[in-house]
Amino acid sequence: MKIDKLCEQVMFLLAGHDPVEMYIFQTELPVILAHAPSTVSTHTGFHYFQHIKSGEFRRYDYGTDNMKIYGTSSPPEYNLSNVQVPIGIFWAPNDALCTPVVN
């Protein structure tokens, strides 16, 4: 795959497949890149993809080191009943990373 096609696919993943959204994303890209990815670490990205792969909301999975870190073979789930602040989740119809479905 050529690099421009790879970049295009990443952009579609981030911005959606709607041409209007893609145009807006391209015009705002310099602003976005001026601030990102300074607030996101590789570790955070891997953790996000662990959530997607497992379908569960758990602490970071260190694999064989889980026993040493957590005392269990798999990472513990987050106890969301401890969250005492309002939470907002925003999505869009073309959003490939978040859906409106709540289980």
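Keep in mind the model is a prediction, meaning the values are calculated, not measured.

The rules we used
Residues numbered from 1 in each chain as written. Predicted model: local features only at pLDDT ≥ 70, side-chain atom pairs only at ≥ 80, totals over all residues. Heavy atoms only, no water. Phe/Tyr/Trp six-rings, centres within 6.5 Å; stacked < 30°, edge-to-face > 60°. Helix = DSSP H or I, 4+ residues; strand = E, 2+ residues; numbered from the N terminus. Buried < 20%, exposed > 50% of the residue type's maximum accessible area, 1.4 Å probe, protein only. Expected span 1.5 Å × (residues − 1). Contact = heavy atoms within 4.5 Å.

(A) Structural context of the packing of aromatic side chains. Applying the stated rule across the entire model yields four aromatic pairs. Seen in terms of ring centroids, Tyr48 and Phe49 are 5.7 Å apart; in terms of plane orientation they differ by 75 degrees. Their pairing is edge-to-face. An angle of 45 degrees between the planes, with centres 4.7 Å apart, marks the rings of Phe57 and Tyr78 as tilted. One end of the pair, Phe57, is in the loop between helix H3 (42-54) and helix H4 (66-70); the other, Tyr78, is in the segment after H4, and 21 residues separate them in sequence. Tyr78 sits in the partly exposed class, given a relative accessible area of 34%. Put simply, the rings of Tyr60, Tyr62 and Tyr70 pair up and form one aromatic cluster.

(B) Looking closely at H3. In this model H3 runs 18 Å from its N-terminal to its C-terminal C-alpha over 13 residues, within 8% of the 18 Å that 1.5 Å per residue would give. Looking at the residues trailing H3, positive phi occurs at Gly55, about 75 degrees.

(C) Structural context of the environment of Gln50. Mapped onto the fold, Gln50 is located in helix H3. A residue is classified by how much of its surface remains accessible, and Gln50, at 23% relative accessible area, is partly exposed. Here the alpha-carbon distance between Gln50 and Asp61, two residues eleven residues apart in the chain, equals 7.4 Å. Leaving out residues up to four positions away in the same chain, Gln50 has contacts with Gly55, Arg59, Tyr60 and Asp61.

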